[in-house]
Amino acid sequence: MFERAMTTDTTFDLKATVNLPRTGFAQKANLTQREPERLARWNHIDLYSEIRRARAGRPLFVLHDGPPYANSDIHIGTAMNKILKDFIVKSHAMMGYDAPYVPGYDCHGLPIENYVDKKLGAKKSQMSPVSIRRACREHAAQALKRQTRDFQRLGVLGEWDDPYLTMSNAYEAETARLFGHFVERGYVYKGARPVYWCIHDQTALAEAEVEYREHTSPSIYVKFPLPEDQVRELARRLAETDKEASAALLADLGGKPFFVLIWTTTPWTLPANLGIAVNPRFDYAAMDVGKEVYIVANDLVEAVSEKCGLRMNTFYCEPRVVARFRGSALEGLQARHAWIDRPSLLMTGEYVTLGGESDAETELDVADAQKKGTGKAGTGCVHTAPGHGHDDFLSGQKYRAQLAAVYDQLREAGALPGQMEGAEVYCPVDNAGRFSSEIEGFAGQQVFEANKNIVDFLRDTGALVFTEDYAHRYPHCWRCHQPVIFRVTPQWFISMDTPSKEVREYSSDSLREGALREVERVRWIPAWGRERMSGMFKGRPDWCVSRQRVWGVPITVFYCSDCGETILDAEVIEHVAGVFERETADAWYAREAEYLLPDGFACPACKGTNFTKETDILDVWFDSGSSSLAVLARERSLPWPADIYIEGPDQYRGWFNSSLMVGLAAHDQAPYKMVITHGWTVDGEGKAMHKSTGNAISPNEVIKESGAEILRLWVASSDYTEDVRLSNEILKRLVDAYRKLRNTARFALGNLFDFDPERDRVPETEMWEIDRWAMAASREVSRKVVDAYKNFDYTSVYHALYNYSTVTLSAIYFDILKDRLYTFAPESEGRRSAQTALYEIVDCLARLLAPILAFTADEIWENIPGSREASVHLAEFPEAVEREGDKELLEAWRRLFEVRSTVQKTLEEKRNEKVIGASLEARVILRASGATFELLEKYEDLLLAIFIVSQVELHWTEAQERNLYGELRVEVEHASGTKCERCWNWSESVGEDASYPTLDARCIRQVKKGWGER
RNA sequence: GCCCCUGUGGUGUAAACGGCAACACAGCAGGCUUAUAACCUGCAAGCACCGGAUUAGUGCGCGAUCCGGGUUCGAAUCCCGGCGGGGGCACCA
């Protein structure tokens, strides 16, 4: 192993007696090439399973993976998410936990279906749902394959060959079963909700399927009468705060009819009008236009007068504002419908804005029109048809009680066919967009065609104040390019407030109660997560789980063909789930109802045996929300709830949310004990990364450029509780940092080339004191780092290890050690002592770095002498205990290094004066007093090594002299004697021994010891 | 419109509790040529004082904590108000 120190005769090879470092651990990392090789090796030895095996029987620590959407390639945010998960899993394995990691993929849903739609084009309409689903399944499978490859490339260990897929048989079956839990508890109901509806294709459209195009609608201003008793009520209300306005109203009331003036661009929605919304905070005005009084928003009095030409109508005066009052004063009053004999309730809504917005479904378009300078339109009084608009619908819900009488009337008239009591919404338009029969005068007309007729009718009856054509952007169907309408259709909901039926082990809690309770029990990092989550549940409406799509888990409900009875039954669902288990949920489309239902099933209402199947599928959030139960509890026999969820902040409304719902439905409990949220990735300036802004950095590019290790180091160095910055400059810094860490390890490894821990290890008590100091320092940093890992604080891990490597090791300890390592006889006590310390240090360093620098730590590990686990990831963290005397040692040496730093400053001065070059050319003269003198005297023998100089003199001196650093005075002059050719120390002893004319006494001793007499 | 998070040298990050703003990189000036595409050291403004002068030393205010106020003996930290960035809700693409 050693080169021969002595050549055969005359030449004495001095160089060969210097123990320079040797190692196969290359200085150049060459990560882009070496990482894949290491991955292959891990794969080969099945490292993940090995780790699980090594920890079998130990306490479990379960991080449950939030499934990324199996659509596009991974981006920097998903990469960070996976790397953080890997930190958690690897570090917990090294803490001694059995820490499984089952990655998953979210496979159902609209984006995939849309993608497939586009690919299939016109063909899709001819395809059966089963074939479409097959195409979606295929697409998801391909995308997740690519993602898997990319995730693995990051160095993330897990069950990659068997991830969980929300589209697998078992998973789809469990999703259906979990829906059954909601059913069993009585949380599920069918209600109504407004959706985009294409009357041409006769289908609901998702938002993503709507495109906005230019469209011309009739803009109309319509009078809704406000009866005398209602005006009196308004005056009575105002009397409390504003007697004048009140009196003025009453005065005007003599003979003049009052109207609320509304504006809309969708005349066809007027038959469905049930109310008028005003903003409670805005001022409204009663405006006398001569023979009539109109109520409009105060700020729009002029605009409306102008637009409707109201000045022309009254030859003797301008419109006169009779009274002003808050919108809130109108709430609850009953205007009359413009022509139908029923009340139109005055409602308040914050969504009502000035400047023209009227119908909810065209609000956007008006704003758009304004930008274009089309001018103001609207009255501040918004015609509200709960069946035809989003805000309208919500207002309809809000005022359900006040509208009850109207609904009773409609129901009696047969205008609410087949709707569920309590959840009914008036929507007199059928699938084809035709008015239903009770709409007098317009029954059977298609809504867009009816527009003109309605306007004419309004003009004839005198309700119309003004009309004009109005060009704006209006939603159209992306497939047939026809304008769409807003229409309420039946949807399945999960109720937030219905108390649970008391069946099985369930509590009687409503989902909202349960959620608010569980949120308190979960640990949230950062802590504001709790607030955010509970705020979310306090306000959230019932969960609409229906999607009118194909690619997902069907809502497993049947309808009796004979009597229309809805079969919403957990036992039936359980049976269907059994079929899914065998055939996937495709069975819902491929099989007849009879096959899916239990044998001999008959309608509980009419005993009929013919059934149709529900066509809606479940919201994808329901799928992924089922994951903890489908995966942990069902598929993999892991404990539930999980110890930890960690995702981006978008998951508060997403996965964290739906998972909690499902956990509550099944077990009255949150599926997680702890939830960590990490920030978004942003660019160097803190701006969001977008493909369109061009500041996005793709993980695959970074890997190609610098290696996955750099990405991992980036994640570790960043504070993930905030937004995380990434730029090329940051990456450059990280490459530097990486190099520093790598070289630090390399030095230690290089100096262990002849060290066999079994044979050469020196017991700690017999080590040199500085080496014992180094051992204590290593333990100190281990404690700090392991602690940080326990707190998921990887930034502290990074900084602790980085500072330790650069300062403690590289700048101080290793520098001091060089002389001893290189010039002492190989097997001398002093060298072995140093090597023992290096051995411990690099062993600790590899373990502590392993979760972060997964590749490099393993490479270090392989280069440490001695027998050890096949991979550092199989090892555990160093035992982080403080030993007797560590504290004192660290303190004493801290002070010695302060002196060292002072000495170095003086050395630098002399270097600038050209008195010395290398520090070994120096003689240091120390004059000290007090405690400093005592300390230096105690360590006098070691001062040469500590300062890395050739000669040191220590004198006791009184303080108060020039050149004082506290109680220490440092002088530096050139060392005496001659430079030893071997160790470069300067010494008077060089030349004393004629056999070694160029060596100093110390080297001669070491050479004789190590390589024998000459 | 409302709410939450965030802002420290050129760059990246530190600094329980309010207590000397630290580390590294980059930059500058050097050293070493035995970690060598490595490693090591030093350096970040001013005024006054001391002093023949240089090196060094002393005192003061000041400082890179986004800006402006406030609380405090003392603020990066706590409070209020702005500005920039990010996100959420509502709404919209």
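Residues numbered from 1 in each chain as written. Chains lettered and ligands numbered in written order. Predicted model: local features only at pLDDT ≥ 70, side-chain atom pairs only at ≥ 80, totals over all residues. Heavy atoms only, no water.

Counting residues in hydrophobic clusters, the biggest one holds 152 residues, and the most contacted among them are Trp773, Phe792, Tyr813, Trp893 and Leu926. When residues in this core are grouped by element, the largest group, 14 residues, is from helix H28 (residues 794–823). Discounting chain neighbours no more than four positions away, the residues touching Phe792 are Phe61, Ile88, His92, Arg523, Ile525, Ile644, Met674, Ile676 and Tyr720. Of all hydrophobic cores here, the second largest spans 85 residues; its members include Leu249, Met287, Leu410 and Phe442. (Core = buried A, V, L, I, M, F, W, Y, C linked by side-chain atoms within 4.5 Å. Buried < 20%, exposed > 50% of the residue type's maximum accessible area, 1.4 Å probe, protein only. Helix = DSSP H or I, 4+ residues; strand = E, 2+ residues; numbered from the N terminus. Contact = heavy atoms within 4.5 Å.)

This structure, assessed with the given rule, holds 42 aromatic pairs. Centroid distance Tyr101 to Trp160: 6.3 Å. Interplanar angle 75 degrees. Geometry classified as edge-to-face. On the criterion of sequence distance, the pair formed by Tyr101 in the loop between helix H3 (76–94) and strand E1 (104–105) and Trp160 in the loop between helix H5 (129–153) and strand E2 (164–165) is long-range, its members being 59 residues apart. The class of Trp160 is buried, set by a relative accessible area of 8%. With 6.2 Å between their ring centres and 25 degrees between their planes, Trp524 and Tyr652 make a pair best called stacked. In this pair, Trp524 sits in strand E16 (residues 523–525) while Tyr652 sits in the loop between strand E23 (645–647) and helix H22 (655–667), placing the two residues 128 residues apart along the sequence. The ring of Phe151 carries Lys82 above its face, with NZ or CZ at 4.4 Å from the centroid. Across the ring face of Trp197, the terminal group of Arg487 is positioned such that the distance to the ring centre comes to 4.7 Å. (Phe/Tyr/Trp six-rings, centres within 6.5 Å; stacked < 30°, edge-to-face > 60°. Lys NZ or Arg CZ within 6 Å of the ring centre and 35° of its normal.)

Attention shifts here to empty space enclosed by the protein. All chains considered together, the criterion is met by 6 cavities of 30 Å³ or more. Empty space within the largest cavity amounts to approximately 70 Å³. Lining the largest cavity, in full, are Tyr48, Ile51, Arg52, Val89, Lys90, Ala93, Ala99 and Leu157. The set of elements that each furnish at least two residues to the lining of the largest cavity consists of helix H2 (47–54) and H3. Of the residues belonging to the lining of the largest cavity, the class tally is 6 nonpolar, no polar and 2 charged. (1 Å grid on protein atoms, 1.4 Å probe; cavity = no way out; pocket = protein on both sides within 12 Å on 5 of 7 lines; lining within 4 Å. Points joined across faces, edges and corners; volume = space filled by probe spheres on them. Nonpolar A, V, L, I, M, F, W, Y, C, P; charged D, E, K, R; others polar.)

Another aspect to go through is the sheet that holds strand E4 (residues 203–205). Across the sheet, which stays open at both edges, the 4 strands sit in the order E4-E3-E15-E17 with antiparallel pairing between neighbours. Whereas interior strands pair on both sides, the edge strands pair on one side only; in this sheet they are E4 and strand E17 (543–544). The strands touched by helix H12 (residues 390–398) are strand E3 (188–198) and strand E15 (485–494); relative to E3, the strand with the most contacts, the crossing angle is about 155 degrees. (Pairing = 2+ DSSP bridges. Axes fitted to C-alpha atoms, helices over the stretch in contact; angles between N-to-C directions.)

As a further point, take unusual backbone geometry. Along the chain, Ile525 connects to Pro526 via a cis peptide bond; the corresponding omega equals -5 degrees. Mapped onto the elements of the fold, Pro526 is located in the loop between E16 and helix H16 (528–539). The linkage connecting Trp640 with the following residue, Pro641, adopts the cis geometry, with an omega of 0 degrees. Looking at where Pro641 falls in the secondary structure, it is placed in the loop between helix H21 (627–635) and E23. Even without being glycine, Asp668 reaches a positive phi, approximately 55 degrees. Positionally, Asp668 belongs in the loop between H22 and strand E24 (674–677). Given the relative accessible area of 16%, Asp668 is considered buried.

Let us now look at the pattern of salt bridges. Summed over all chains, the structure comprises 78 salt bridges. For Arg434, the salt bridge identified is with Asp430, shortest N-O distance 3.3 Å. A relative accessible area of 27% means that Asp430 is categorised as partly exposed. The closest approach of N and O atoms between Glu505 and Arg504, which form a salt bridge, is 3.8 Å. Connected through shared salt-bridge partners, Arg52, Asp98, Glu159, Asp162, Glu635 and Arg636 make up one network. (Salt bridge = Lys/Arg side-chain N within 4 Å of Asp/Glu carboxyl O.)

For Thr823, the position within the fold is in helix H28. Here Asp819 takes part through its backbone oxygen, which lies 2.7 Å from a polar atom of the side chain of Thr823. Setting aside its immediate chain neighbours within four residues, Thr823 contacts Asn19, Arg982, Cys983, Arg1002 and Gln1006. (Polar contact = N/O pair within 3.5 Å; in protein donor to acceptor, adjacent residues only side chain to side chain.)

This part is about the pairing of strand E27 (residues 922–928). Among the 7 residues that make up E27, 6 are buried, leaving the element largely enclosed by the rest of the structure. Looking at chain direction, E27 and strand E30 (residues 968–974) are connected through 7 bridges and run antiparallel. Bridge assignment links Val924 to a residue of E30, and that residue is Val972. Summarising the sheet, E27 and strand E28 (residues 951–956) pair through 6 bridges and their orientation is parallel.

Taking 1.5 Å of rise per residue, 13 residues should cover 18 Å, and H22 covers 17 Å from first to last C-alpha, within 8% of that figure. Counting buried positions along H22 yields 12 of 13 residues, so the element is predominantly enclosed. What H22 keeps buried is the set Trp655, Phe656, Asn657, Ser658, Ser659, Leu660, Met661, Val662, Gly663, Leu664, Ala665 and Ala666. Phi for Asp668, located one or two positions after H22, is positive at around 55 degrees. (Expected span 1.5 Å × (residues − 1).)

So, on to the sheet that holds strand E19 (residues 558–560). Overall, antiparallel pairing links the 3 strands, which are arranged E20-E19-E21 in an open sheet. Across the chains shown, the open sheet's two edge strands, defined by having one partner strand only, are strand E20 (566–567) and strand E21 (611–613). Across 3 bridges, the pairing between E19 and E21 is antiparallel. Bridging from a neighbouring strand, Cys560 pairs with Phe611 of E21.

As a further point, take the state of the cysteines. Applying the stated criterion across every chain yields a total of 0 disulfides. Take Cys544: it sits in no disulfide, and the sulfur closest to it among the cysteines is that of Cys427, at 15 Å. (Disulfide = S-S within 2.5 Å.)

As a further point, take a negative patch on the surface. Together, Glu934, Glu937, Glu940 and Asp941 make up a region of like negative charge exposed at the surface. For Glu937, the position within the fold is in helix H32 (residues 930–938). Judged by relative accessible area, which is 43%, Glu937 ranks as partly exposed. (Patch = residues over 30% accessible without salt bridge, like charges linked within 9 Å, V, L, I, M, F, W, Y side chains within 5 Å. Areas by Shrake-Rupley, 256 points an atom, 1.4 Å probe, with all protein chains shown as cover. Lys, Arg positive; Asp, Glu negative; His and termini not counted. Charge placed at Lys NZ, Arg CZ, Asp CG, Glu CD.)

This paragraph deals with the environment of Trp956. Tracing the backbone through its elements, the reader meets Trp956 in strand E28. Note: C-alpha distance between Trp956 and Gly930 (26 residues apart in sequence) is 8.7 Å. When residues no more than four places from it in sequence are discounted, the contact partners of Trp956 are Ala928, Ser929, Gly930 and Phe933.

From the geometry alone we can't say anything about function, so treat these as descriptive.
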